[in-house]
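Coordinates in review
Here is what each chain is made of, one letter per residue.
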Amino acid sequence: MKILVCISHVPDTTSKINFSEGDTKFDTAGVQFVINPNDEFGLTRAMWFKEKQGATVDVVNVGGTETEPTLRKALAIGADSAIRVNTPATDGVYVAKQIAKVAQDGGYDLIIAGRESIDYNGGMVPGMVAGLIGANFINTCIGLEVEGNEATAIREIDGGKETLKTSLPLVIGTQKGIVQESDLRIPNMRGIMQARKKPLNVVEPVEAGTHSEAVKFEKPQPKGDIKLIDPDNLDELVNLLHNEAKVI
Amino acid sequence: MSVLVYTESEEGKFKKTAFEVASYAKGVADMLGTDVTAVSFNAQGAGDLGQYGVSKVLKINDDKLQKFNAKAYADAIKQAAEKEGAKVIVLSQSANAKYLAPLLAVQLDAGYASNVVALPEGTEPLQVKRTAFTNKAFNFTELSTDVKIIGLSKNAFGLKENATETKEEDFSPSLAEGDFSVNVVSVDKAADKVTIADAEIVVSGGRGMKGPENWGMLEELADTLGAATACSKPVSDMGWRPHSEHVGQTGKPVAANLYIAVGISGAIQHLAGVSASKTKVVINNDPEAPFFKAADYGVVGDAFEIVPKLTEKLKEFKAGNS
């Protein structure tokens with residue numbers, strides 16, 4: 001089985017988010033970039049398929065040279081080779097079209113991508129890749145087994161989960177649950193050394209348009225002061241929730 | 001030319017989000033000088049959508065579509081959009097709607113903006129405000145395509161009554177065999193439990209609860225309020241609660257009317273995940289907990305004493321109000 005894992009290069013979850021150039025650009029100053037957590041859960045599951053079923057695992061990112069350390073980290077975790085599509089990730093459909101081309105050229109059976117990136121939260125790339133290449137698609141995937149050409153997946157739904165059957169080629173949108181947090185791998189020295197020697201191929205983008213543009217950003221209004229309620233006067237809290245906040 | 005809205009139902013009944021997306025679609029239609037057409041799947045009571053501004057309902061009744069199927073539903077909505085000449089399609093951000101939206105976008109070559117929180121800023125070009133960086137910021141996105149899809153965040157717009165005469169029409173999209181290449185074999189869903197996605201109120205516990213055996217008091221508080229239960233990341237990582245209850249940046253976002261955090265200190269990732277909730281109450285014995293800076297109401301003290309007392313007070317309040 002040939003697996004392609006899509007890797008987004010995103011600010012670490014602890015990052016403070018700021019904007020520059022009149023709130024039109026994300027300010028990357030002082031920001032640590034990581035593998036998008038939803039992608040990392042999927043990559044870790046891909047490692048399982050590599051170790052238990054002999055799958056090969058390639059990773060792909062659409063972005064400039066600044067994303068290469070993130071791809072190297074994916075290689076250190078255990079991916080076999082990396083592909084960087086040399087173009088800025090302008091919008092969801094543009095990225096999806098680049099990945100679709102890589103997926104078709106490589107003849108992958110399984111394409112794994114986080115259900116959304118934690119920066120723009122577009123939540124569209126995995127589904128669009130599936131639509132573009134005519135593969136089956138399962139989103140918010142929290143379990144996957146593959147036997148031959150058949151796949152059994154578990155999808156998180158609102159308030160529960162469901163089990164689905166489908167066939168390859170398949171795209172899954174992953175999140176926590178496809179592996180547990182404790183299954184995530186911190187690259188060891190050997191992995192990091194090996195990653196330096198693994199291929200990182202740079203390919204040029206295909207011609208593709210965009211559908212959207214993020215023109216401006218805004219930070220949420222700072223919260224007003226908190227009202228503290230004495231633990232011996234919880235009637236006041238009930239009163240405030242009813243009469244002031246009007247939520248009960 | 002109408003605005004098309006995908007109205008979700010469960011067991012034949014429209015969900016509350018169906019009325020919310022309809023209310024929003026009416027707002028967009030007014031800006032564009034057009035009407036709202038809804039598309040429903042095996043749902044009864046289409047006339048109820050008229051309360052929220054829907055002029056026409058395309059009713060699909062098809063046994064093959066009894067269970068949600070993203071590809072088939074996307075195909076059906078695409079055909080409804082083409083029939084109506086819809087340029088804007090509105091849907092919710094439920095797990096199902098998020099699943100089908102990108103498939104629909106590819107089929108219609110449409111731009112898709114997810115997590116939208118307000119009516120468009122302008123229609124030429126269509127610009128919408130949406131959350132980004134997992135609620136740490138907003139972004140204004142312009143969609144440049146002929147057909148546009150808007151995914152409306154839950155509770156962002158609310159219900160707006162707008163009584164409209166509704167025409168009902170049966171609609172039978174032609175579905176291909178390929179639409180059914182992913183099939184549900186079983187569903188595991190607690191029937192009587194309020195889900196985080198649907199809940200108006202969420203009661204959430206953190207490490208301060210000291211262990212899974214102490215969750216009973218949170219469940220009782222949640223039951224009293226008709227609320228869903230949730231938890232912080234460490235709690236789900238330690239296996240005290242299922243990861244489906246984990247809220248935060250890598251878990252579920254919560255956009256409830258009321259979020260009650262008990263024994264949760266308030267890591268930046270957690271605060272981001274719940275920031276779309278309207279009113280936040282924090283109960284914690286550490287007055288320095290960061291959550292106190294992000295909440296509306298706070299009680300400093302021992303959760304094991306406060307939670308049962310608060311539950312009693314709320315029961316009295318509910319009894320007095322019923």
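Note that this is a predicted model, so its numbers are computed, not measured.

**Remarks on the overall build of chain B**
On a plain count of helices and strands, chain B comes out with seven helices and 18 strands. The globule rule puts the C-alpha radius of gyration for 322 residues at 20 Å, and the 21 Å found for chain B is close to it. Overall, the C-alpha framework of chain B stretches about 60 × 40 × 40 Å when taken along its three principal axes. Considering chain B as a whole, with its 322 residues, one finds that 57% of them fall into the buried category.

**Some details on the interface of chain B and chain A**
Each side of the interface is counted separately: chain B has 74 residues, and chain A has 62 residues. Of all elements in the fold, only α3 (95–108), β7 (111–116), β9 (126–132), β10 (137–143), β13 (183–189), α6 (268–274), β18 (297–300) and α7 (303–321) of chain B reach the threshold of two or more residues within the side of chain B that touches chain A. With nine residues, the top contributor of residues to the side of chain B that touches chain A is α3(B). Taken together, the residues that form the side of chain B that touches chain A break down as 35 nonpolar, 27 polar and twelve charged.

**Considering the nonpolar core**
Within the largest apolar cluster, 174 residues are counted, with the highest numbers of intra-cluster contacts made by A:Val5, A:Ile99, A:Ile111, A:Val129, B:Ala22, B:Val90 and B:Val202. Here this core gets ten residues from one element, more than from any other, and that element is α3(B). Domain assignment of the residues forming this core places at least three in each of domain 1 (3–180) and domain 2 (201–321) of chain B. Every residue in contact with A:Val129, bar those within four places of it in the chain, is listed here: A:Ala96, A:Ile99, A:Ala100, A:Ala103, A:Ile111, A:Ala113 and A:Val171.

**Focus on the packing of helix α2 (residues 68–77) of chain A against helix α5 (residues 189–197) of chain A**
Residue and element names in this part refer to chain A. For the pair α2 and α5, interaxial distance at closest approach is 7 Å and the crossing angle is 120°. Between α2 and α5, the interaxial angle falls into the category oblique. Classified by chirality, the crossing of α5 by α2 is right-handed. Touching Arg72, Leu75, Ala76 and Ile77 of α2 are Gly191, Ile192 and Ala195, all from α5. Of the residues in the contact of α2 with α5, the class split is five nonpolar, one polar and one charged.

**Notes on the domain arrangement of chain B**
All names here are of chain B. If you check the domain split of chain B, you get domain 1 (3–180) and domain 2 (201–321). Spacing between the C-alpha centres of domain 1 and domain 2 amounts to 32 Å. Each side of the interface is counted separately: domain 1 has eight residues, and domain 2 has eight residues. Class assignment for the residues of the side of domain 1 that touches domain 2 results in one nonpolar, five polar and two charged.

**Focus: the sheet that holds strand β11 (residues 160–167) of chain A**
Taken together, the ten strands give an open sheet; going across it, the order is β13(A)-β7(A)-β6(A)-β1(A)-β8(A)-β12(A)-β9(A)-β10(A)-β11(A)-β13(B), and neighbouring strands pair in mixed fashion. Edge positions in the sheet fall to β13 (200–203) of chain A together with β13 of chain B, since each of these pairs with one other strand and no more. The average angle at which neighbouring strand axes cross in this sheet is 30°, direction not considered. Across five bridges, strand β1 (residues 2–6) of chain A lies against strand β6 (residues 56–63) of chain A in parallel orientation. Bridging from a neighbouring strand, A:Leu4 pairs with A:Asp58 of β6(A).

**Considerations on unusual backbone geometry**
Of note, the amide linkage connecting A:Leu168 to A:Pro169 takes the cis form, showing an omega dihedral of -5°. The residue A:Pro169 is located in the loop between β11 and β12 (170–174) in this model. The residue after B:Glu124, namely B:Pro125, is reached through a cis peptide bond having omega -5°. For B:Pro125, the position within the fold is in the loop between β8 (122–123) and β9. With a phi angle near 50°, B:Asp109 is a residue other than glycine that sits in the positive phi range. Relative to the helices and strands, B:Asp109 resides in the loop between α3 and β7. Positive phi, normally seen in glycine, also occurs at B:Lys210, with a value near 70°. Checked against the element boundaries, B:Lys210 lands in the loop between β14 (201–205) and α4 (216–225). With 12 C-beta atoms counted inside 10 Å, the residue B:Lys210 sits in the exposed group.

Rules and cut-offs
- Residues numbered from 1 in each chain as written.
- Chains lettered and ligands numbered in written order.
- Predicted model: local features only at pLDDT ≥ 70, side-chain atom pairs only at ≥ 80, totals over all residues.
- Helix = DSSP H or I, 4+ residues; strand = E, 2+ residues; numbered from the N terminus.
- Rg over C-alpha atoms; globule rule 2.2 N^0.38 Å.
- Buried ≥ 20, exposed ≤ 12 C-beta atoms within 10 Å, placed from the backbone.
- Contact = placed C-beta atoms within 7 Å.
- Nonpolar A, V, L, I, M, F, W, Y, C, P; charged D, E, K, R; others polar.
- Core = buried A, V, L, I, M, F, W, Y, C linked by C-beta atoms within 7 Å.
- Domains from an automatic or database assignment.
- Axes fitted to C-alpha atoms, helices over the stretch in contact; angles between N-to-C directions.
- Parallel < 35°, antiparallel > 145°, perpendicular 65-115°, else oblique.
- Left-handed = near helix turned anticlockwise from the far one by under 90°.
- Pairing = 2+ DSSP bridges.

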